[in-house]
Amino acid sequence: SAVGDDVYGRMLLDSCAGLGVGTRGLLVRRGHPSSSYISIMDSEGDMLVAMSDMRVLSAIDADFVAQRMDLLNAAPVVVCDGNLPADALEYLAAHCTAPLYIDPVSTTWAKKLLPVLGRFDTIKPNRLEMEVLAGMSIATDGQGQSLEHVREIMGSSMESLIHHFKLVTQGF
């Protein structure tokens, strides 16, 4: 991952150190702000609007990932953010031997995952992201919970899909 050399990046690094969370391989981008995200939710807890600045992640390209493959492949699991550049995601999908998890994070970023979709061990889309990935509407009334439906959406190589039943039945 990457953080800026701002107060938020330093706070994150200090918090990780205090909790014993390793940050080896993390990029600190000089002169860049750390990622930020803000959303406005309605009374039901559904997002109405959101804004983010994830430009700090743009430096995580295929070369950056390639230089850290030994570290990544030694991990018990690799979790990636759908905000990563497409070439980084493609490189990870092709070379990572550790279980590879991803969160599409938005319908916009979900589209970027289509070329590498079946190469993740686990993906955690919400219903709207799942519709983009599947190229079809997904009912919120309990339809689409069969193994055949999961295979149609994710491909038979997908070993696990977090919250599939929940997102189909509850819409998230």
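Residues numbered from 1 in each chain as written. Predicted model: local features only at pLDDT ≥ 70, side-chain atom pairs only at ≥ 80, totals over all residues. Heavy atoms only, no water.

With respect to the overall build of the protein
Then comes step 1: Along the protein, the regular secondary structure elements total eight helices and eight strands.
Then comes step 2: Looking at the protein as a whole, 33% of its 172 residues qualify as buried.
Then comes step 3: Counting only contacts in the protein whose residues sit at least 6 apart along the sequence, the fraction spanning at least 24 positions is 48%.
Then comes step 4: Counting every atom, the protein has about 10000 Å² of accessible surface; 54% of that belongs to carbon and sulfur. (Helix = DSSP H or I, 4+ residues; strand = E, 2+ residues; numbered from the N terminus. Buried < 20%, exposed > 50% of the residue type's maximum accessible area, 1.4 Å probe, protein only. Contact = heavy atoms within 4.5 Å. Areas by Shrake-Rupley, 256 points an atom, 1.4 Å probe, with all protein chains shown as cover.)

Focus on the environment of Val49
Then comes step 1: Within the secondary structure, Val49 sits in strand S4 (residues 47-53).
Then comes step 2: For the pair Val49 and Ser39, spaced ten residues apart in the sequence, the C-alpha separation amounts to 5.7 Å.
Then comes step 3: Not counting chain neighbours up to four residues away, the residues in contact with Val49 comprise Ile38, Ser39 and Ile40.

A closer look at helix H4 (residues 86-95)
Then comes step 1: What H4 keeps buried is the set Ala88, Leu89, Leu92 and Ala93. For H4, the arc enclosing every buried residue in end-on projection is 130°, short of the 170-degree limit, so these residues lie on one face.
Then comes step 2: If you follow the buried residues of H4, they end up packed against helix H2 (62-67), helix H3 (69-73), strand S5 (78-81), strand S6 (100-103) and helix H5 (107-113). (Arc of directions from axis to C-beta.)

Describing the nonpolar core
Generally speaking, nonpolar side chains in soluble globular proteins are found buried as a group.
Then comes step 1: Ile60, Cys80, Leu84, Leu92, Cys96, Leu100 and Ile102 are the most contacted members of the largest nonpolar core, which totals 25 residues.
Then comes step 2: Breaking this core down by element, the ones donating at least two residues are H2, S5, H4, S6 and H5.
Then comes step 3: Counting residues per element, this core draws most heavily on H4, at four residues. (Core = buried A, V, L, I, M, F, W, Y, C linked by side-chain atoms within 4.5 Å.)

Re the pattern of salt bridges
Then comes step 1: Going through the model one piece at a time under the given rule, you end up with two salt bridges.
Then comes step 2: A salt bridge links Asp53 to Arg55; the shortest N-O distance between them is 2.7 Å.
Then comes step 3: The salt bridge partner of Asp103 is Lys124, with a shortest N-O separation of 3.4 Å. One end of the pair, Asp103, is in strand S6; the other, Lys124, is in the loop between strand S7 (122-123) and helix H6 (127-134), and 21 residues separate them in sequence.
Then comes step 4: The class for Lys124 is partly exposed, based on a relative accessible area of 32%. (Salt bridge = Lys/Arg side-chain N within 4 Å of Asp/Glu carboxyl O.)

Regarding the confidence of the model for the protein
Then comes step 1: A residue-level look at the protein finds 80% of positions with pLDDT of 70 or above and a mean pLDDT of 82.
Then comes step 2: Taken together, the stretch residues 156-160 has pLDDT below 50 and engages in eleven contacts with residues farther than four places along the chain or on a different chain.
Then comes step 3: Segment residues 162-172 is flagged for pLDDT under 50; beyond a separation of four residues in sequence, or across chains, it makes 35 contacts in the model. (pLDDT = per-residue confidence, 0-100.)

Observations concerning the pairing of S4
Then comes step 1: Both strand S3 (residues 36-41) and S4 contribute to a ladder of six bridges, which runs antiparallel. Residue pairing in the sheet places Ile40 in a bridge with Val49 of S4.
Then comes step 2: Turn length for the S3-S4 hairpin, with the two strands adjacent in sequence and antiparallel, is five residues, and the turn residue Gly45 shows positive phi of about 90°. (Pairing = 2+ DSSP bridges.)

Here's the deal with helix H1 (residues 7-19)
Then comes step 1: Along its 13 residues, H1 runs 18 Å from first to last C-alpha, staying within 8% of the 18 Å computed at 1.5 Å per residue.
Then comes step 2: Positive phi appears at Gly20, one or two residues downstream of H1, with a value of about 80°. (Expected span 1.5 Å × (residues − 1).)

Quick word on the state of the cysteines
Then comes step 1: Applying the stated rule across the entire model yields zero disulfides.
Then comes step 2: With no disulfide of its own, Cys80 lies closest to Cys96 among cysteine sulfurs, the gap being 7.6 Å. (Disulfide = S-S within 2.5 Å.)

Here's the deal with the pairing of S5
Then comes step 1: Alternating residues of S5 divide into Val78 and Cys80, all buried, and Val79 and Asp81, none buried.
Then comes step 2: Strand direction decides the pairing type here: S5 and S6, joined by four bridges, are parallel. Across the sheet, residue Asp81 finds its bridge partner in S6, namely Asp103.
Then comes step 3: Following the chain from S5 across H4 to the adjacent parallel S6, one finds a crossover that is right-handed. (Right-handed = clockwise from strand over helix to strand, strands pointing away.)

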